[in-house]
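This is what each chain is made of:
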Amino acid sequence: MDDIEQKIYNYLIKNTDLLKFKDQMTEEKLRQFLARAIQTFCEENEVKFSDMQKLALVNKIVESMMSYGPLRPLMEDSSITEIMINGPHRIYIQRHGKIELSNVKFTDSQHLMHTVHKVLAISGSTRRVDESSPY
């Protein structure tokens, strides 16, 4: 993630009600909220961000909040039989009996853990996943 994206993420967390209301919003409402907040950030900080860049950032944030984040394409690929996560930047997949390193990456460890907890919550599992219990 580049510096400006990180600043926008920080702005969203510190200066908006995103975390408070994100779970109550539909995907479309979340997209609208993010687009307005990013526009406000750009205006307040005199940041030049193209409409395409803003849209890409909105999509990236929505994907990380509403779905399985960067794992989504892997989970939707029927040729992948297993996903093995060995840190935020090392995600392996098993396809046709072969294990390979994917090009999928999380932003950081916090993003990874957020996604893992979402997956567990959606699955109804009561399992705990952290550094002491990584499986």
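Keep in mind that this is a model prediction, so the values were computed, not measured.

### Quick look at the nonpolar core
Then comes step 1: Residues Leu34 and Ile61 are the most contacted members of the largest nonpolar core, which totals 20 residues.
Then comes step 2: At the level of elements, helix H1 (3–15), helix H3 (27–44) and helix H4 (51–66) are the ones that each hand at least two residues to this core.
Then comes step 3: The leading source of residues in this core is H3, at seven residues.
Then comes step 4: Residues within four places of Leu34 in sequence aside, it is in contact with Leu12, Leu18, Val58, Ile61 and Val62.
Then comes step 5: Judged by nonpolar contacts, the second largest core, of 11 residues, contains Ile80, Val104, Phe106 and Leu112.

### Thoughts on the pattern of salt bridges
Then comes step 1: What the rule picks out here adds up to five salt bridges.
Then comes step 2: Two residues, Lys7 and Asp3, come together in a salt bridge whose shortest N-O distance is 3.3 Å. With Lys7 and Asp3 both in helix H1 and four residues apart, this pair spans about one turn of that helix.
Then comes step 3: Of the residues examined, Lys7 reaches a relative accessible area of 44% and is grouped as partly exposed.
Then comes step 4: For Asp3, a relative accessible area of 52% corresponds to the exposed category.
Then comes step 5: Close ionic contact of Glu100 with Arg95 constitutes a salt bridge, the shortest N to O distance being 3.5 Å.
Then comes step 6: Connected through salt bridges with shared partners, the residues Asp77, Arg95 and Glu100 form a single ionic network.

### With respect to the sheet that holds strand E3 (residues 98–101)
Then comes step 1: Spatial strand order, E1-E2-E3: three strands in an open sheet with antiparallel pairing. Of all strands in the sheet, those with a lone pairing partner are strand E1 (80–85) and E3, marking the two edges. Taken pair by pair, the neighbouring strands of this sheet meet at an average axis angle of 25°, ignoring direction.
Then comes step 2: Judged from the five bridges that link them, E1 and strand E2 (residues 91–95) form a sheet pairing that is antiparallel. Note that in E2 the partner of Glu82 across the bridge is Gln94.

What counts, and where the lines are drawn
- Residues numbered from 1 in each chain as written.
- Predicted model: local features only at pLDDT ≥ 70, side-chain atom pairs only at ≥ 80, totals over all residues.
- Heavy atoms only, no water.
- Core = buried A, V, L, I, M, F, W, Y, C linked by side-chain atoms within 4.5 Å.
- Buried < 20%, exposed > 50% of the residue type's maximum accessible area, 1.4 Å probe, protein only.
- Helix = DSSP H or I, 4+ residues; strand = E, 2+ residues; numbered from the N terminus.
- Contact = heavy atoms within 4.5 Å.
- Salt bridge = Lys/Arg side-chain N within 4 Å of Asp/Glu carboxyl O.
- Pairing = 2+ DSSP bridges.
- Axes fitted to C-alpha atoms, helices over the stretch in contact; angles between N-to-C directions.

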